[in-house]
2 protein chains.
Amino acid sequence: MCQLLGMNCNTPTDVRFSFSGFSQRAGNTGDHTDGWGIAFFEGKGLRQFVDREQASTSPIAQLIRNYAIKSENVIAHIRKATQGQVALENCHPFVRELWGFNWVFAHNGNLVDFAPKLHSHFYPVGTTDSELAFCWIMQELAKSHAGMPTLHELSITLQDLARRISPHGTFNFLLSNGQALWAHATTDLCFIERRHPFATAHLSDEDVSLDFSTCTTPDDRVAVIVTAPLTKNETWTPFEKGRIHLFEHGCLVALQ
Amino acid sequence: MCQLLGMNCNTPTDVRFSFSGFSQRAGNTGDHTDGWGIAFFEGKGLRQFVDREQASTSPIAQLIRNYAIKSENVIAHIRKATQGQVALENCHPFVRELWGFNWVFAHNGNLVDFAPKLHSHFYPVGTTDSELAFCWIMQELAKSHAGMPTLHELSITLQDLARRISPHGTFNFLLSNGQALWAHATTDLCFIERRHPFATAHLSDEDVSLDFSTCTTPDDRVAVIVTAPLTKNETWTPFEKGRIHLFEHGCLVALQ
């Protein structure tokens with residue numbers, strides 16, 4: 001299995017603290033060593049880094065831990081291969097363009113007997129069940145809406161699509177188009193919303209602490225979503241299983 | 001205007017020597033400082049790095065100059081903005097998926113009164129004439145071929161599409177799907193094919209030399225394509241204007 005990390009904020013925020021702890025699970029505190037990747041939105045623009053090396057030692061992961069890239073929406077993934085060989089084209093997150101927006105997707109889980117009909121313009125480059133699921137989701141979104149709908153409408157469509165994929169196995173995923181971040185869990189995924197007054201957090205995977213009050217303003221809101229809690233002195237909330245969750249401006253948005 | 005750099009090889013090759021000289025033009029020996037990008041194919045997989053900073057000083061460009069990423073097809077770009085603001089989404093190279101392959105495109109030039117009808121599944125994320133031209137090329141390739149055709153057939157279609165865009169202005173571009181690299185020039189673009197016996201090359205933009213015989217085998221073939229010659233002791237061949245050139249396995253392929 002793999003692990004997921006997401007961040008959604010109301011102001012461009014540096015993910016280095018979270019990524020530093022997360023990437024320890026790719027070789028040090030965990031065995032998710034079959035590649036990794038991270039994507040940062042800057043408005044509509046996107047930086048995507050993928051690597052076949054393990055994130056705990058990769059020079060590119062080292063750059064990400066040291067270089068403050070500020071973003072409102074981040075999705076990262078460390079891989080422990082289930083389907084698809086260890087290769088660059090099988091590293092998450094995956095990216096496709098739809099309606100003039102970049103869409104970024106990462107999956108934790110394993111889908112069995114999942115062979116949807118692809119008949120449009122989205123085809124996998126690699127050989128994972130995850131990229132296949134993403135291509136099918138993009139195809140079905142494109143069929144369901146003539147152009148970019150509201151975030152709420154998108155959430156309803158995504159809920160329907162996730163319900164159709166989930167019977168095939170574990171389907172924890174993160175998705176973003178730069179405007180918002182969607183999260184879905186059938187097993188392990190939890191989140192935290194940080195806001196004023198900010199406190200000090202201690203990572204679980206390495207002996208590092210950060211006092212968020214030194215690098216935030218009282219208006220900042222940051223939601224972090226991860227497979228297993230990243231810090232040992234905060235309360236992380238497990239997701240309700242089988243439901244799409246929408247994060248916008250650093251907050252979980254209530255869906256009807 | 002911008003500048004282009006491409007590399008096509010018959011074995012995964014390190015582009016650091018060429019990129020080191022090329023990136024000096026983004027702030028030191030040239031004023032192409034409005035962002036940059038580079039894409040490396042590893043088989044079907046792709047690493048793409050884009051940055052709004054200038055390539056001569058960007059920490060990510062520094063990583064690329066120091067970290068040996070070996071690739072058979074590389075496309076890089078340094079930007080001096082003509083159309084579209086300085087933003088991440090306007091940095092080349094651009095990427096789209098078609099027929100289960102990543103396609104990478106970078107453009108040097110300026111297209112005027114170019115407003116093609118986009119009616120399929122490829123839309124620009126940013127606001128450059130370049131990404132618009134790329135989306136139109138992807139759309140027309142998808143319409144012209146039901147699935148991945150031969151490289152020769154693709155070259156014929158690309159020749160037709162380039163002829164239809166070129167009346168709108170300067171249209172120098174590089175395109176790759178990981179199998180081959182296509183180059184087209186209406187003004188400045190030149191290339192070199194390096195093969196056994198390899199010699200020492202001296203960069204034009206910084207005082208750096210490399211003896212290629214120390215890092216190659218006699219079977220290696222490497223073609224480098226660039227807006228203006230990168231070395232001062234080698235003979236670079238200007239492209240015939242208005243014609244698509246196909247590079248495969250490090251060699252220019254004759255097209256009928």
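In the annotation of an unreviewed UniProt entry, chain A is listed under the name Class II glutamine amidotransferase and assigned to Comamonas denitrificans.

### Structural notes on the interface of chain A and chain B
Listed by partner, the interface residues are 28 residues for chain A and 28 residues for chain B. Summing both partners gives a buried area of about 2600 Å² for chain A against chain B, and 58% of it is carried by carbon and sulfur. When residues of chain A are sorted by the area they lose upon contact with chain B, Glu97, His121 and Val125 of chain A head the list and together hold 23% of the total. Here chain A and chain B share 6 salt bridges between them. For Arg96 of chain B, the salt bridge identified is with Glu97 of chain A, shortest N-O distance 3.3 Å. At the junction of chain A with chain B, the criterion picks out 15 residue pairs in polar contact (both at pLDDT 80 or more). Elements represented by at least two residues in the side of chain A that touches chain B include exactly strand E3 (45-51), helix H2 (59-66), strand E5 (94-98) and strand E6 (101-108) of chain A. Examining the composition of the side of chain A that touches chain B, we find that 7 residues originate from one element, E3 of chain A, more than from any other.

### Re the packing of aromatic side chains
Residues and elements named next belong to chain A. Taken as a whole and assessed by the stated rule, the structure comprises 24 aromatic pairs over all chains. Arranged with centres 6.1 Å apart and planes meeting at 85°, the rings of Phe40 and Phe49 form a pair that is edge-to-face. When the ring of Trp99 is compared with that of Trp103, the centres are 6.1 Å apart and the planes differ by 70°; the resulting orientation is edge-to-face. A relative accessible area of 15% places Trp99 in the buried class.

### Remarks on the relation of the copies chain A and chain B
The transform that puts chain A on chain B rotates by 180° and translates by 0.0 Å along the axis, for an RMSD of 0.0 Å. In the structure described here, the two chain copies are related by an operation that fits a two-fold rotation axis.

### Quick word on the pattern of salt bridges
Counting across every chain of the model gives 26 salt bridges over all chains. Measuring nitrogen to oxygen at the nearest pair gives 2.8 Å for the salt bridge that ties Asp14 of chain A to Arg16 of chain A. Linking Arg47 of chain A and Glu42 of chain A is a salt bridge whose minimum nitrogen-to-oxygen distance equals 2.6 Å. Both residues of the pair, Arg47 of chain A and Glu42 of chain A, count as buried. Within the structure, one salt-bridge network assembled from shared partners comprises Glu42 and Arg47 of chain A together with Asp51 and Arg52 of chain B.

### Some words on the sheet that holds strand E13 (residues 237-238) of chain B
Strand pairing in a sheet relies on backbone hydrogen bonds, with the paired strands running either antiparallel or parallel. Residue and element names in this part refer to chain B. The 7 strands lie next to each other as E3-E2-E4-E1-E12-E9-E13, forming an open sheet whose pairing is antiparallel. Edge positions in the sheet fall to strand E3 (45-51) and E13, since each has one partner strand and no second. In this structure, strand E1 (residues 3-14) lies alongside strand E4 (residues 70-78), joined through 8 bridges in antiparallel fashion. By the bridge assignment, Thr13 is partnered in E4 with Ser71. Lying on the sheet, helix H2 (residues 59-66) is in contact with strand E2 (36-42) and E3; it crosses E2 at an angle near 40°.

Each value, and the rule that gives it
- Residues numbered from 1 in each chain as written.
- Chains lettered and ligands numbered in written order.
- Predicted model: local features only at pLDDT ≥ 70, side-chain atom pairs only at ≥ 80, totals over all residues.
- Heavy atoms only, no water.
- Contact = heavy atoms within 4.5 Å.
- Buried area = accessible area lost by both parts, 1.4 Å probe.
- Salt bridge = Lys/Arg side-chain N within 4 Å of Asp/Glu carboxyl O.
- Polar contact = N/O pair within 3.5 Å; in protein donor to acceptor, adjacent residues only side chain to side chain.
- Helix = DSSP H or I, 4+ residues; strand = E, 2+ residues; numbered from the N terminus.
- Phe/Tyr/Trp six-rings, centres within 6.5 Å; stacked < 30°, edge-to-face > 60°.
- Buried < 20%, exposed > 50% of the residue type's maximum accessible area, 1.4 Å probe, protein only.
- Least-squares fit on C-alpha atoms with pLDDT ≥ 70 in both.
- Pairing = 2+ DSSP bridges.
- Axes fitted to C-alpha atoms, helices over the stretch in contact; angles between N-to-C directions.

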